[in-house]
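Listed below are the residues making up each chain.
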Amino acid sequence: MTDCLREPVFEVGEIDENINLSLPPTSGEEYIKRVVIEAQQCANVVVADVNRKCFKKPTIDVQPLSGCMEAPPWLGPTLDWQMCQVSDFSNIRLYISQLKNEIQTAKRKWKPPSINLPQIDDEKGWIKFCSGQEEETKIAPTLNIIFCLNQPLVEQILEYLVEYIQTQKKIEYALGQWIYALLVVLEMPLNPDACSCLRILARTCSVIRANLKELEVHETGALNLFICLVARYFRQLDLADP
């Protein structure tokens, strides 16, 4: 099949290689001959002579992303524990999905909560709302509130919270509740931004876990849980604990 691609399309006859290329062609046939001559004079492979001394050194040190940091031997979860968490999480997602379907089909009555939620672009507002930094904002992630959140808002809030725990290097109990609730209603398949956010969450949790100096049972459990769910439920298996 490839041989047919090498067959000439036009019959141009004999080519005089001494033709004066500085003069304009007098016919279409002569023009084709000039094209053939010029093509024969081109090298098959051309390599540019690059002066690397002209390149500026990068001003930003970009570190390659790696997987999660290995847990200390006394903090790492067992495989049985991970599989149990994935099973429970899957059941909760199925239950919430069924409730939302019943509400949408008017099989179940639902009344929106009478609270003021922050605007979608109010990052500080959502962090205060979810972490309970002020007494009046200590609101648990109830189903009524979760059902008020559309998918873009779920993804945006999750991104705010993940960025926040990156800077704080810890996960408070109230914040952990909200992250879990948002993961429950996060739709699949993941879009690239949501996938990146989850991977950052798992990596951040692994770094916090590796640097724990005091054993906080609830915090260790939350760190292991989020790494487990990101890796084993949301299929980012390269981040999984053994």
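Structure first, text after, so check above.
Note that the coordinates shown come from a computational prediction; the quantities given were computed from them, not determined experimentally. (Residues numbered from 1 in each chain as written. Predicted model: local features only at pLDDT ≥ 70, side-chain atom pairs only at ≥ 80, totals over all residues. Heavy atoms only, no water.)

Right, let's talk about the overall build of the chain for a bit. For the chain, the count of helices and strands is 9 helices and 0 strands. In the chain, the succession of α and β elements from N to C terminus is α-α-α-α-α-α-α-α-α. Taking all 242 residues of the chain together, 34% fall into the buried category. Restricting the contact set of the chain to residue pairs at least 6 apart, pairs at least 24 apart contribute 69%. Carbon and sulfur atoms form 54% of the exposed surface of the chain, whose accessible area is close to 16800 Å². (Helix = DSSP H or I, 4+ residues; strand = E, 2+ residues; numbered from the N terminus. Buried < 20%, exposed > 50% of the residue type's maximum accessible area, 1.4 Å probe, protein only. Contact = heavy atoms within 4.5 Å. Areas by Shrake-Rupley, 256 points an atom, 1.4 Å probe, with all protein chains shown as cover.)

Here the focus is the environment of Pro-113. Turning to its location among the elements, Pro-113 is positioned in the loop between helix H3 (79-104) and helix H4 (123-131). With 31 residues separating them along the chain, Pro-113 and Asn-144 place their C-alpha atoms 5.9 Å apart. Setting aside residues no more than four positions away along its own chain, Pro-113 makes contact with Asn-144, Ile-145 and Cys-148.

Here we come to the packing of helix H6 (residues 151-168) against helix H8 (residues 192-210). Where H6 contacts H8, the two axes come as close as 10 Å, and the packing angle between them is 25°. Between H6 and H8, the angle falls in the class roughly parallel. The crossing of H6 and H8 is left-handed. Judged by residue contacts, Glu-155, Leu-158, Glu-159, Val-162, Ile-165 and Gln-166 of H6 engage Ala-194, Cys-197, Leu-198, Ile-200, Leu-201, Thr-204 and Ile-208 from H8. Here the contact of H6 with H8 is composed, by residue class, of 9 nonpolar, 2 polar and 2 charged. (Axes fitted to C-alpha atoms, helices over the stretch in contact; angles between N-to-C directions. Parallel < 35°, antiparallel > 145°, perpendicular 65-115°, else oblique. Left-handed = near helix turned anticlockwise from the far one by under 90°. Nonpolar A, V, L, I, M, F, W, Y, C, P; charged D, E, K, R; others polar.)

The next point concerns the packing of H4 against H6. For the pair H4 and H6, the least separation of the axes is 10 Å and the interaxial angle reads 80°. Comparing their axes, H6 and H4 come out roughly perpendicular. Contacts between H4 and H6 involve Glu-123, Trp-126, Ile-127 and Cys-130 on the former and, on the latter, Leu-153, Ile-157, Tyr-160, Leu-161, Glu-163 and Tyr-164. Broken down by class, the residue content of the contact of H4 with H6 amounts to 8 nonpolar, no polar and 2 charged.

Where like charges cluster on the molecular surface, the negative patch consists of Asp-121, Asp-122, Glu-123, Glu-159, Glu-163 and Asp-193. Residue placement: Asp-122 occurs in the loop between H3 and H4. (Patch = residues over 30% accessible without salt bridge, like charges linked within 9 Å, V, L, I, M, F, W, Y side chains within 5 Å. Salt bridge = Lys/Arg side-chain N within 4 Å of Asp/Glu carboxyl O. Lys, Arg positive; Asp, Glu negative; His and termini not counted. Charge placed at Lys NZ, Arg CZ, Asp CG, Glu CD.)

Right, let's talk about the nonpolar core for a bit. Within the largest apolar cluster, 50 residues are counted, with the highest numbers of intra-cluster contacts made by Leu-158, Leu-161, Leu-183 and Leu-201. Where this core is concerned, the elements lending two or more residues are H3, H4, helix H5 (143-146), H6, helix H7 (173-185), H8 and helix H9 (217-233). The leading source of residues in this core is H9, at 10 residues. If near-sequence neighbours (up to four positions away) are discounted, Leu-158 is found in contact with Ile-179, Leu-182, Leu-183, Leu-186, Cys-197 and Leu-198. (Core = buried A, V, L, I, M, F, W, Y, C linked by side-chain atoms within 4.5 Å.)

The next subject is the packing of aromatic side chains. Within this structure, the stated rule accounts for 6 aromatic pairs. Between the aromatic rings of Phe-89 and Tyr-233, the centroid separation amounts to 4.9 Å while the plane-to-plane angle is 85°, which identifies the pairing as edge-to-face. Here Phe-89, found in helix H3, pairs with Tyr-233, found in helix H9; they are 144 residues apart in sequence, far enough to count as distant. When sorted by exposure, Phe-89 lands in the same class as Tyr-233, which is buried. Note on Tyr-233 and Phe-234: the rings are 5.1 Å apart at their centroids and 80° apart in plane angle, and the pair reads as edge-to-face. Accessibility assignment for this pair places Tyr-233 and Phe-234 in one class, buried. Taken together, the ring pairs connect Phe-89, Tyr-180, Tyr-233 and Phe-234 into an aromatic cluster. (Phe/Tyr/Trp six-rings, centres within 6.5 Å; stacked < 30°, edge-to-face > 60°.)

This part covers the environment of Thr-204. Residue position: Thr-204 is located in helix H8. Among residues more than four places away in sequence, those in contact with Thr-204 are Ile-165 and Gln-166.

As a further point, take H3. The end-to-end C-alpha distance of H3, which contains 26 residues, comes to 37 Å, matching closely the 38 Å that a straight helix rising 1.5 Å per residue would cover. Remark: Ala-106 follows H3 within two positions and exhibits a positive phi of approximately 65°. (Expected span 1.5 Å × (residues − 1).)

With omega at 0°, the peptide bond leading from Met-188 into Pro-189 counts as cis. Here Pro-189 is to be found in the loop between H7 and H8. The phi angle at Ala-106 is positive, at roughly 65°, despite the residue not being glycine. When its relative accessible area of 67% is taken as the criterion, Ala-106 is described as exposed.

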